[in-house]
Amino acid sequence: MSPTPMPSLTGGMSFDNMMCSRCGEGFEPHEKIVNSTGELWHQQCFVCAQCFRPFKEGIFYEFENRKYCEHDFQVLFAPCCGKCGEFVIGRVIKAMNANWHPNCFRCEMCSGELADSGFIRNAGRALCHECNAKVKAVGLGKYVCHKCHGLIDDQPLKFRGEVYHPYHFICTACGVELDSSAREVRSRPGFANNDMNELYCLRCHDKMGIPICGACRRPIEERVVTALGKHWHVEHFVCAKCEKPFFGHRHYEKKGLAYCETHYHQLFGNLCFVCNQVIAGDVFTALNKAWCVHHFACSMCDQKMNQKTKFYEFDLKPACKKCYEKLPIEFRRRLRRQHEATPKKLVPA
Amino acid sequence: MNQAPVSCIPNTSKMSKTKKVLEESREIQNPELDLADKGIATFEEMPGLLNMLYITRLTLSHNKIKNVPPGLANLVNLEILTLANNHLEELPLSLSSMPKLRILNLSFNRLYGLPRGFGAFPMLEVLDLTYNNLSEKTLPGNFFMMETLRALYMGDNDFEYLSSDIGNLKNLQILVLRENDLIELPKEIGELTRLREFNVQGNRLTILPPEIGNLDMISNKSVFRLDGNEWVTPIADQLQVGISHLMDYLRSETYRILYSRYLTNKPEIPPPCIDKAKKISRIR
Ligand SMILES: [Zn+2]
Ligand SMILES: [Zn+2]
Ligand SMILES: [Zn+2]
Ligand SMILES: [Zn+2]
Ligand SMILES: [Zn+2]
Ligand SMILES: [Zn+2]
Ligand SMILES: [Zn+2]
Ligand SMILES: [Zn+2]
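Residues numbered from 1 in each chain as written. Chains lettered and ligands numbered in written order. Predicted model: local features only at pLDDT ≥ 70, side-chain atom pairs only at ≥ 80, totals over all residues. Heavy atoms only, no water.

On to the overall build of chain A, then. Each helix and strand in chain A was counted, giving six helices and 24 strands. Here chain A, with 349 residues, has 38% of them falling under the buried criterion. In chain A, 24% of the contacts between residues at least 6 apart in sequence involve partners at least 24 apart. Surface summary for chain A: the accessible area is close to 20800 Å², and the carbon and sulfur share equals 51%. (Helix = DSSP H or I, 4+ residues; strand = E, 2+ residues; numbered from the N terminus. Buried < 20%, exposed > 50% of the residue type's maximum accessible area, 1.4 Å probe, protein only. Contact = heavy atoms within 4.5 Å. Areas by Shrake-Rupley, 256 points an atom, 1.4 Å probe, with all protein chains shown as cover.)

Residues and elements named next belong to chain A. Using the criterion set out here, one finds 33 aromatic pairs over all chains in the structure. Relative to Phe-169, the ring of Phe-159 lies with its centre 5.3 Å away and its plane at 75°, an arrangement referred to as edge-to-face. A residue pair is termed long-range when its members are at least 10 positions apart, and Phe-159 in strand E12 (residues 157-159) and Phe-169 in the loop between strand E13 (162-164) and strand E14 (183-186) qualify at 10 residues. By relative accessible area, which is 8% here, Phe-159 ends up buried. Take Phe-169: its relative accessible area is 17%, and that puts it in the buried class. Each member of the aromatic cluster is reached from another via a ring pair, and the members are Tyr-61, Phe-63, Tyr-68, Phe-73 and Phe-77. A cation over a ring is seen here: Lys-289 above Phe-273, with NZ or CZ 5.6 Å from the ring centre. (Phe/Tyr/Trp six-rings, centres within 6.5 Å; stacked < 30°, edge-to-face > 60°. Lys NZ or Arg CZ within 6 Å of the ring centre and 35° of its normal.)

Moving on, we get to the coordination of the zinc ion (ligand 1). Residues and elements named next belong to chain A. Bound to the zinc ion (ligand 1) are the protein donor atoms Cys-48 (SG), Cys-51 (SG) and Asp-72 (OD), situated 1.7 to 2.5 Å from the metal. If you list the donors of the zinc ion (ligand 1) from N- to C-terminus, the spacing comes out as C-x2-C-x20-D. One end of the pair, Cys-48, is in the loop between strand E3 (39-42) and strand E4 (61-63); the other, Asp-72, is in helix H1 (residues 70-76), with 24 residues separating them in the sequence. Residue Cys-48 is classed as buried on the basis of its relative accessible area of 0%. (Donors = N, O, S within 2.8 Å, 3.2 Å for Na, K, Ca; no water.)

So, on to the sheet that holds strand E8 (residues 197-199) of chain B. All names here are of chain B. Taken in spatial order, the nine strands line up as E1-E2-E3-E4-E5-E6-E7-E8-E9 in an open sheet, and their pairing is parallel. The two strands at the open ends of the sheet, each matched to only one other strand, are strand E1 (32-34) and strand E9 (223-225). The sheet shows a mean angle of 5° between the axes of neighbouring strands, taken without regard to direction. Here strand E4 (residues 103-105) runs beside strand E5 (residues 126-128); their pairing, made up of three bridges, is parallel. Directly across from Leu-104, in E5, lies its bridge partner Leu-127. (Pairing = 2+ DSSP bridges. Axes fitted to C-alpha atoms, helices over the stretch in contact; angles between N-to-C directions.)

Below, the discussion takes up the pairing of strand E23 (residues 317-320) of chain A. All names here are of chain A. The side-chain alternation of E23 yields two buried faces, one formed by Lys-317 and Ala-319 and the other by Pro-318 and Cys-320. Relative to E23, strand E22 (residues 310-314) runs antiparallel, the two sharing four bridges. Counted as the bridge partner of Tyr-312 is Ala-319 from E23.

In this assembly, 30 residues from chain A lie in contact with 47 residues from chain B. Roughly 3000 Å² of surface becomes buried between chain A and chain B when both sides are summed, with 45% attributable to carbon and sulfur atoms. If you look at where chain A meets chain B, you find nine salt bridges. One salt bridge in this structure joins Arg-334 of chain A and Asp-156 of chain B, with 2.4 Å as the shortest N-O distance. (Buried area = accessible area lost by both parts, 1.4 Å probe. Salt bridge = Lys/Arg side-chain N within 4 Å of Asp/Glu carboxyl O.)

Another point: the environment of Asn-199 of chain B. As for its placement among the helices and strands, Asn-199 of chain B is situated in strand E8. The contacts of Asn-199 of chain B, once residues within four sequence positions are left out, are Asp-315 of chain A together with Leu-175, Val-176, Leu-177, Arg-178 and Arg-225 of chain B. In this structure the side chain of Asn-199 of chain B is engaged in a polar contact, spanning 2.9 Å, whose partner is the backbone nitrogen of Gln-201 of chain B. (Polar contact = N/O pair within 3.5 Å; in protein donor to acceptor, adjacent residues only side chain to side chain.)

Here we take up the nonpolar core. Core analysis: the biggest nonpolar cluster contains 73 residues, and Phe-143, Ile-189 and Phe-198 of chain B have the highest contact counts within it. Elements represented by at least two residues in this core include exactly helix H3 (243-250) and helix H4 (253-264) of chain B. Not counting chain neighbours up to four residues away, the residues in contact with Phe-143 of chain B comprise Leu-114, Phe-118, Gly-119, Leu-127, Leu-129, Leu-152 and Met-154 of chain B. Counting 39 residues, the second-largest nonpolar core is a separate cluster that includes Phe-284, Cys-292 and Cys-320 of chain A together with Ile-174 of chain B. (Core = buried A, V, L, I, M, F, W, Y, C linked by side-chain atoms within 4.5 Å.)

So, on to the coordination of the zinc ion (ligand 5). Residue and element names in this part refer to chain A. Distances from the zinc ion (ligand 5) to its protein donors, Cys-213 (SG), Cys-216 (SG), His-233 (ND1) and His-236 (ND1), fall within 1.9 to 2.4 Å. Here the zinc ion (ligand 5) is ringed by four donor atoms whose angles at the metal span 103 to 116°, and the overall shape comes out tetrahedral. Sequence positions of the donors to the zinc ion (ligand 5) reduce to the motif C-x2-C-x16-H-x2-H. Taken as a pair, Cys-213 in the loop between helix H3 (202-207) and strand E16 (224-227) and His-233 in strand E17 (residues 230-233) lie far apart in primary sequence, 20 residues in all. With respect to burial, Cys-213 and His-233 carry one shared label: buried. (Tetrahedral: all angles 85-135°; square planar, octahedral: opposite > 155°, others 65-115°.)

As a further point, take the confidence of the model for chain A. Residues and elements named next belong to chain A. On average, residues of chain A carry a pLDDT of 83, and 89% of them reach 70 or more. E23 holds the highest mean pLDDT among the elements of chain A, 96, whereas strand E24 (residues 344-345) holds the lowest, 44. A low-confidence stretch, residues 341-349 stays under pLDDT 50, and its non-local contacts, those more than four residues away or across chains, total 24 contacts. (pLDDT = per-residue confidence, 0-100.)

Here we take up H3 of chain B. Residues and elements named next belong to chain B. Buried within H3 are the following residues: Leu-246, Met-247, Tyr-249 and Leu-250. The arc that holds every buried residue of H3, seen down its axis, measures 160°, which confines them to one face. Lining the buried residues of H3 we find E9, helix H2 (233-241) and H4. (Arc of directions from axis to C-beta.)

Moving on to the packing of H2 of chain B against H3 of chain B. Residue and element names in this part refer to chain B. Running from N to C, H2 and H3 cross one another at 140°; their axes reach a closest spacing of 6 Å. By the angle class used here, H2 and H3 are oblique. Here Pro-234, Ile-235, Gln-238, Leu-239 and Val-241 of H2 come into contact with H3, specifically with Ile-243, His-245, Leu-246 and Tyr-249. Of the residues contributing to the contact of H2 with H3, the split by class is seven nonpolar, two polar and no charged. (Parallel < 35°, antiparallel > 145°, perpendicular 65-115°, else oblique. Nonpolar A, V, L, I, M, F, W, Y, C, P; charged D, E, K, R; others polar.)

It is worth spelling out a nonpolar patch on the surface at this point. Among the surface-exposed residues, Val-75, Leu-76, Phe-77, Phe-87 and Ile-89 of chain A lie close enough to one another that they form a single nonpolar patch of about 380 Å² accessible area. For Phe-87 of chain A, the location among the structural elements is in the loop between H1 and strand E6 (93-95). (Patch = residues over 30% accessible without salt bridge, like charges linked within 9 Å, V, L, I, M, F, W, Y side chains within 5 Å.)

Residues and elements named next belong to chain A. With 12 residues, helix H2 (residues 129-140) should reach 16 Å at 1.5 Å per residue; the first-to-last C-alpha distance of 16 Å fits that figure. Among all positions in H2, only Cys-131, Asn-132, Ala-133 and Ala-137 are buried. Packed against the buried residues of H2 are strand E8 (120-122), strand E9 (125-127), strand E10 (143-144) and strand E11 (151-152). Just past H2, the residue Gly-141 takes up positive phi, approximately 75°. (Expected span 1.5 Å × (residues − 1).)

Next comes the structure, spelled out in structure tokens:
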């Protein structure tokens, strides 16, 4: 319903057999007559059927042959919007047992306009088709395709953070239609930007030489750790005992497994202070340290020592007698004062 | 006039000893070269040494070497270099480029500083700087970038402060700061979670950052030496009972409060140790 435009005023004519539509009286010769859609009124009779006041700017609304001013028309007849509570003038959406401005009738999940696209009633809510499908899919434990909004019955394809029917895509390299085994590849390594991702079929993906993690079998797109003849995600290369990732810290290999320092020691023995390798054979232990057979030596002259060699100690390092005696006298005096520097015999492990 | 015949047989007995060792080593391509206590003063007394690229260890302890030529860095396979007890006053810049060097012993020398970029060693694991004249003022900026370091010996030097960059040395297991002039320790030492030998004996320390309490210094594999400092009474008291009591105390709320209060009160700094004035490393 829209307001009717300003009626025209007719004057200076004889209207003997004409009457006012409201009061039924005739018109005086020079009287101004209101003419609106073929009917005539005294100017004082062309008023709102409710408040009897002239129409503001001549705008009136008609309902069942009566004319009303905008205010009264809205009060008497116009519907209220179920969302914003204002009168709805113009297009009214009647839905869900209420009236709405087209603008105000929206999907309760995504707030998309429903006026033209239609809606579905779902548990007392008005939803767009897409959201309704999603709700249904979740209920069924399934996904909804981001492209066609249909249910995905088989395995979905994840791409740029959304799920799809795999058959909407082809392999970037060979053009074959994809299935759910397709791989998403960041085309700019090191960038996390999803928009740069591309899809490849498994065969092309493997040919690209993208390493596969030995633990989770997924491709590795960030830093690759190569160890034990395999590739690993940094966070999936872990100690076989405590399962903590090494994160670049040294690891020790034994029988195809990797261990952190602590657990390698716990399980398999000591590290040599000089070569920093795990000691396979005999171990010399002294001064809070261990040495392999090849590396138990004087810390100053590198001369090999054995079980029988007497040695001196400072800063928990072994020094042979010859070297110790070459140290500055004042140093040795200070050292003696600190701890009685008696020659110590090695305790064989 | 008759000229003396040219001879390739060395004629001074002292020279011959060093050269003999070199020759023998070359003959059998021995990767380990022992030249300790040979009275060597310069590298010129060791002809051809810098071409013996196959050597992995070079031991030159107890000599009188004052200067190391930059060409030593040619020995790209060297893993162990021992220059202990010489007369070194400075080192060449090239040293830190040695690609395989793992153990470097420069103890008992006369080093007042280290060359620029010294911290660039790619593989260094053990660095022994005991008994020199080093201080925080003479360390190169990248000194604490040697992440591969597992043992750092800096006892008997002249440090009053230690850079907070020490926290970078994540692999450090041994840190010896014995008998310096240390006035305080940076809290970053608490980040050295692998530390198991820590020696700050004989400094001017009065208080420890509470972060030291994070270190595992009470296992049977750990040694923590703290005596010979000017500890505040509560620390001295805990030390009397034992390291484990001290570590518990450092982690307590009581200590945190004491520590922050102590710092705001601007404590008096104990005087330096006079004892070290007699160090022979000071001879110039
Ligand atoms: Zn009215
Ligand atoms: Zn509305
Ligand atoms: Zn929606
Ligand atoms: Zn689809
Ligand atoms: Zn993985
Ligand atoms: Zn472990
Ligand atoms: Zn060894
Ligand atoms: Zn020795």
